[in-house]
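# Structural overview for review
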Amino acid sequence: MREIDITKEPINCIDELIIDEEKRSIEATYELWMDVDKYFGTKTRTDSSIWVNFYTFWHLDNPAEITAQMVLNGDNSCEEKEWELTQEEKEFFHKMMEDYCMQKNGWTLREFFEKYGHSTSEV
């Protein structure tokens, strides 16, 4: 399905990191400046009413394990799908999330969760 290597593509963390205390995780949202169809196997090129949102999650209880979710949105639909990352992608997104957290907040992901994780919040 993956025709391109996402770790070599122009992507950015955007928006605020979201802490989910119940899941004990931090969520990052991405802006994907790449051909998402070649990575996700979607068909957004042929249907302008469909777009992809992509998120990764850092987990306090297993900080080396980054998980991901792809959401295929349409004008009248929304399909959420857990997205399996390769080991290289997990390492890439872990570093990207750590760097983004440090840049935005001045803390590591763990420090950020420990400081603000007492309630579900956006910071």
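Rules of the game
- Residues numbered from 1 in each chain as written.
- Predicted model: local features only at pLDDT ≥ 70, side-chain atom pairs only at ≥ 80, totals over all residues.
- Heavy atoms only, no water.
- Helix = DSSP H or I, 4+ residues; strand = E, 2+ residues; numbered from the N terminus.
- Rg over C-alpha atoms; globule rule 2.2 N^0.38 Å.
- Buried < 20%, exposed > 50% of the residue type's maximum accessible area, 1.4 Å probe, protein only.
- Contact = heavy atoms within 4.5 Å.
- Core = buried A, V, L, I, M, F, W, Y, C linked by side-chain atoms within 4.5 Å.
- Polar contact = N/O pair within 3.5 Å; in protein donor to acceptor, adjacent residues only side chain to side chain.
- Arc of directions from axis to C-beta.
- Salt bridge = Lys/Arg side-chain N within 4 Å of Asp/Glu carboxyl O.
- Phe/Tyr/Trp six-rings, centres within 6.5 Å; stacked < 30°, edge-to-face > 60°.

## Some details on the overall build of the protein
The number of helices and strands found in the protein is 3 helices and 6 strands. In terms of C-alpha radius of gyration, the protein reaches 15 Å, essentially the compact-globule figure of 14 Å for 123 residues. The principal-axis extents of the C-alpha atoms in the protein amount to approximately 45 × 30 × 25 Å. Taking all 123 residues of the protein together, 40% fall into the buried category. Looking at the protein alone, contacts between residues at least 24 apart form 54% of all its contacts between residues at least 6 apart.

## Overview of the nonpolar core
In a soluble, globular protein the nonpolar side chains are often hidden away together inside. I26, Y30, L32, F40, F54 and F93 are the most contacted members of the largest nonpolar core, which totals 30 residues. Looking at this core, the elements with two or more residues in it are β1 (11-20), β2 (25-32), α1 (36-40), β3 (50-59), β4 (62-74), α2 (87-105) and α3 (109-116). Top contributing element to this core by residue count: α2, with 5 residues. What F93 contacts, discounting residues up to four positions off in sequence, is I6, I11, Y30, F54, T56, I66 and L85.

## Comments concerning the side chain of T42
Following the sequence through the fold, T42 ends up in the loop between α1 and β3. Residue T42 is classed as buried on the basis of its relative accessible area of 12%. A distance of 2.6 Å separates a polar atom in the side chain of T42 from a polar atom in the side chain of D37. Contacts of T42, omitting those with residues within four sequence positions, involve V36, D37, V52, M70 and L72.

## Some remarks on α3
Inspection of α3 places L109, F112 and F113 among the buried residues, and these make up the whole buried set. The buried residues of α3 occupy one face: seen down the axis, they fall within an arc of 95°. Its buried side turned inward, α3 meets β1, β2, β3 and α2.

## As for the pattern of salt bridges
Counted according to the given criterion, the structure contains 10 salt bridges. In this structure, R45 engages D37 in a salt bridge whose closest nitrogen and oxygen atoms are separated by 3.3 Å. Residue classification places D37 among the buried residues on the basis of a relative accessible area of 6%. Between K95 and D99 there is a salt bridge; the shortest N-O distance is 2.7 Å. Residue K95 and its partner D99 are both found in helix α2; the two are separated by 4 residues, about one turn of the helix. For K95, a relative accessible area of 51% gives the class exposed. Classification of D99 as partly exposed rests on a relative accessible area of 39%.

## Some words on the packing of aromatic side chains
Two descriptors summarise a pair of aromatic rings, namely the distance from one centre to the other and the angle between the planes of the rings. Counting across every chain of the model gives 11 aromatic pairs. Consider the rings of Y39 and W83, whose centres lie 5.5 Å apart with planes at 50°: the pair is tilted. Taken together, the positions of Y39 in helix α1 and W83 in strand β5 (residues 77-83) put the pair 44 residues apart, joining distant regions of the chain. Each member of the pair, Y39 together with W83, is buried. A centroid spacing of 4.8 Å and a plane angle of 65° characterise the contact between F40 and W83, whose relative ring orientation is edge-to-face. In this pair, F40 is assigned in helix α1 and W83 in strand β5, connecting sequence segments 43 residues apart.

The analysis is restricted to geometry; functional conclusions fall outside its scope.
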